[in-house]
Structure formats: C-alpha cells, structure tokens
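# Architecture and fold: a report
Residues per chain, in single letters:
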Amino acid sequence: MSEDASRSEAETMIAEAKKALWVMVGLLAVLWLVQIVNAVDDYDIGRDLGIMPRDPASLPDVLTSPFMHYGWGHLEANSGPLFIFGFLAAYRGVKKWFGVSLLIIVASGLGVWFTAPSNTVTVGASGLLFGYFGYVIVRGLFDRHPIDIVIGLVMALCFAYQFTSLLPTDERVSWQGHLFGFAGGIIGGWLFRDRRPKAVATPDPATALLPKDLG
C-alpha cells in the first residue's frame, strides 16, 4: 500500500472515529432523557414499552425496550460499558453500526419475547451492550484486521466477568436478552464483515528486480 493510500485510510478512520464518538454521546443523551421522563412518570412508560413475553401486542416493544430502564442505578450500570463497546463497534463505520445495532436489538428482543418468564416486563440496553461486546470480539476475525483482532482479544480478557451474565445466575437479570444480544452481535460480525477485496501491493517499476539473464 502506498504512503498516500495509507494516509487516506488513516484520515478516513479518524473521521469515522469522531462520528462514532458523537453518535455514542447522542445515544447516551437519549437514554438519559428518556430516563428522566420515565422517572417523572413513575416508570409507567417503561412498563408500557417493555417486552411482555409471548404477547403479540408487545412485539413492537422489541424496538423500544432498550431505551427504557428501571431506575437510575440500572441506567448507570449500562452507560459506561455501552459507551465503550458501542464506540468500538462504530469507529470502523457509523453506517455499518446502525445495521449492526438494529440486528442486535431485534435478536435480543425476540429472544426475550420467546423465552423470558411469563408475567414479566423486560427493559434496558444491556442486550444491546452485550451485542456490541460480541461484535467487537469477532469483528477482527471476520474482517482480518490485525488491530481489531487485538482489540477484540483485549476486550474479551478485560471484561471476561461479563460472560457470567450470559447464564441464568440471577432471576432479576434478563440473561435471555444478554445471550441473544451477544449472539446477534456475533452474527452481525459475519453479516457486516468487510467484503472489499484486499489491496495487493504492486512492485515499484524503478526498484523491481529483473530476472537474471541466462542467455
């Protein structure tokens, strides 16, 4: 890859990283504003827009439940990891991030709708959080970007304790949303992988070695 091409790729990545930063700031701002309204309304909005398992009328809530939280502690616990994993998921391209996010939300929400206990209402962005976690871990393997492989490995090691939340260890926690969101992130890593052909370096005519003259 030429120096100009490398510089262009680096500039593009920096520009996308800036977009990713502001997108995640905007997402968190929306979550906190929704929480303010939800709290003022005594969390009736959250109960109305949360997922009620196997209730056909609650299927649209698959798209709204990630924006609802039961209490400030619930939102605070999700905000930090969501920002980290969301930014890492978005810095390669915000357009791709939107597609990945929608896939994760649908996978996590439908998983909850089909498998969560009856007479419960599930809300929270943790399914989206775990989806980004899964996506960041596998993206480098599917895209074959060395930097992303390293990032995925570091995140998996640093947040290894999060894997326990994929199992039914606490009845108050929607492990179903975590598990199906995580699976959605892995599937997203495959579906949204980089399909562009890799650039093949061509020798510089001025420095290319010529075959030895055997004549």
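None of these values were measured; they are calculated from a predicted model. (Residues numbered from 1 in each chain as written. Predicted model: local features only at pLDDT ≥ 70, side-chain atom pairs only at ≥ 80, totals over all residues. Heavy atoms only, no water.)

It is worth spelling out the environment of isoleucine 187 at this point. Within the secondary structure layout, isoleucine 187 lies in helix H7 (residues 175–191). Sequence-wise, isoleucine 187 and glycine 131 are 56 residues apart; in three dimensions their C-alpha atoms are separated by 9.4 Å. (Helix = DSSP H or I, 4+ residues; strand = E, 2+ residues; numbered from the N terminus.)

Now for the nonpolar core. With 33 residues, the main nonpolar core has Leu31, Leu82, Phe85, Trp97, Tyr132, Phe133 and Met155 as its most contacted residues. Taken together, the elements giving at least two residues each to this core come down to helix H1 (3–40), helix H3 (72–90), helix H4 (94–115), helix H5 (126–143) and helix H6 (146–158). One finds Ile51, Val112, Trp113 and Ala116 within the second-largest nonpolar core, a separate group that totals 5 residues. (Core = buried A, V, L, I, M, F, W, Y, C linked by side-chain atoms within 4.5 Å. Buried < 20%, exposed > 50% of the residue type's maximum accessible area, 1.4 Å probe, protein only.)

All right, on to unusual backbone geometry then. The phi torsion of most residues other than glycine is negative, and most of the peptide bonds are trans. Residue arginine 54 is not a glycine yet carries a positive backbone phi of 60°. Located in the positive-phi region is arginine 144, a residue other than glycine, with phi close to 60°. Note that arginine 144 resides in the loop between H5 and H6.

Bringing the packing of H4 against H5 into the picture now. Helix-helix packing is described using two parameters, namely the angle between the two axes and the distance between the axes. At their nearest, the axes of H4 and H5 sit 10 Å apart, and the two run at 125° to each other. Between H4 and H5, the angle is such that the two are oblique. Regarding H4 and H5, the two cross each other, and that crossing is right-handed. For the pair H4 and H5, the contacting residues are Lys96, Trp97, Val100, Ser101, Ile104, Ile105 and Ser108 in the first and Gly127, Leu128, Gly131, Tyr132, Tyr135 and Asp143 in the second. Here the residues of the contact of H4 with H5 sort into 7 nonpolar, 4 polar and 2 charged. (Axes fitted to C-alpha atoms, helices over the stretch in contact; angles between N-to-C directions. Parallel < 35°, antiparallel > 145°, perpendicular 65-115°, else oblique. Left-handed = near helix turned anticlockwise from the far one by under 90°. Contact = heavy atoms within 4.5 Å. Nonpolar A, V, L, I, M, F, W, Y, C, P; charged D, E, K, R; others polar.)

Inspection of the entire model under this criterion finds 5 salt bridges. With a closest N to O distance of 3.5 Å, glutamate 16 and lysine 19 form a salt bridge. On the criterion of helical spacing, the pair formed by glutamate 16 and lysine 19 is a turn pair, its members being 3 residues apart in helix H1. Here lysine 19 falls in the partly exposed class, since its relative accessible area comes to 46%. Residues aspartate 170 and arginine 172 are paired through a salt bridge, measuring 3.2 Å at the closest nitrogen-oxygen approach. When its relative accessible area of 25% is taken as the criterion, aspartate 170 is described as partly exposed. (Salt bridge = Lys/Arg side-chain N within 4 Å of Asp/Glu carboxyl O.)

What follows covers H3. Residues lying three or four places apart along an α-helix face the same way, a consequence of the helix completing one turn every 3.6 residues. Compared with the 27 Å implied by 1.5 Å per residue over 19 residues, the 26 Å span of H3 between its first and last C-alpha is a close match. The set of residues buried in H3 consists of Leu75, Asn78, Ser79, Pro81, Leu82, Phe85, Gly86, Leu88, Ala89 and Ala90. (Expected span 1.5 Å × (residues − 1).)

This is a description of form; function is not addressed.
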